[in-house]
Amino acid sequence: MTSRGPVAAAPAGFPDDDGVSGVFSARYAPGTVAVLTTIALAAFDALAIVAALPAIGADLGQVGLLPWVITGFLVTSTIAVVVAGPVIDAFGVRATFRVTLVGFVLSSVACAAAPTMPVLVAGRVLQGFGGGLVVAVCFAAVGAAYPYRRTARAFAAESAVWGAAGCGGPALAAVLVSHVGWQSVFLVNLPLGLVAAV
């Protein structure tokens, strides 16, 4: 007969393990859905826009600025991840999540309504900053929302959703652009953002 040995105690700051079996159990499901939906939004907007670039260039012109539609988002999202720690420490996970999610959705609307390419690039810069912050908050939320023994599952779920949205996003964006228009790639964030916020 073998012994599994003592179970490591949760580090300070993590909720105690209450024996609930998964991150989708009744207690954790609302938070899990909110976090995973937000991760999907950020991943979708980071990569899906590639499929919309030809239509955006044809509609708005100034195709020389098209690379900045992607680069502006990626640069500011990277900066946002770096500064997220002090912001979360100052305002808390819940408040930061709600504010950054609202900012992300509003910047998505601004992108969809952009009448010129420079305005779209500016909207993407703002969207990238909001997206970087909200992703950082989603990862920080794992330590605050789940028992220590469930954090690995939560991180795995976030990674899986990011991968699925990143890989499938361009294909979905291509369908939206073909049937609705390039603006729909940004407007799809409205209902999904509402789901995450609720």
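Residues numbered from 1 in each chain as written. Predicted model: local features only at pLDDT ≥ 70, side-chain atom pairs only at ≥ 80, totals over all residues. Heavy atoms only, no water.

(A) Looking closely at the layout of surface pockets. There is about 490 Å³ of room inside the largest pocket. Lining of the largest pocket is provided by 19 residues; of these, Gly31, Ala34, Val35, Arg94 and Phe97 occupy positions nearest its centre. Mapped onto the lining of the largest pocket, the elements with two or more residues apiece are helix H1 (29–47), helix H4 (93–112), helix H5 (117–145) and helix H8 (189–197). Per-element accounting of the lining of the largest pocket gives the leading share, five residues, to H5. In terms of residue class, the lining of the largest pocket is made up of 15 nonpolar, one polar and three charged. (1 Å grid on protein atoms, 1.4 Å probe; cavity = no way out; pocket = protein on both sides within 12 Å on 5 of 7 lines; lining within 4 Å. Points joined across faces, edges and corners; volume = space filled by probe spheres on them. Helix = DSSP H or I, 4+ residues; strand = E, 2+ residues; numbered from the N terminus. Nonpolar A, V, L, I, M, F, W, Y, C, P; charged D, E, K, R; others polar.)

(B) A look at the packing of aromatic side chains. Counted by the stated rule, this structure contains three aromatic pairs. Between the aromatic rings of Trp182 and Phe186, the centroid separation amounts to 6.2 Å while the plane-to-plane angle is 90°, which identifies the pairing as edge-to-face. Across the pair, Phe186 and Trp182 agree in class, each one buried. (Phe/Tyr/Trp six-rings, centres within 6.5 Å; stacked < 30°, edge-to-face > 60°. Buried < 20%, exposed > 50% of the residue type's maximum accessible area, 1.4 Å probe, protein only.)

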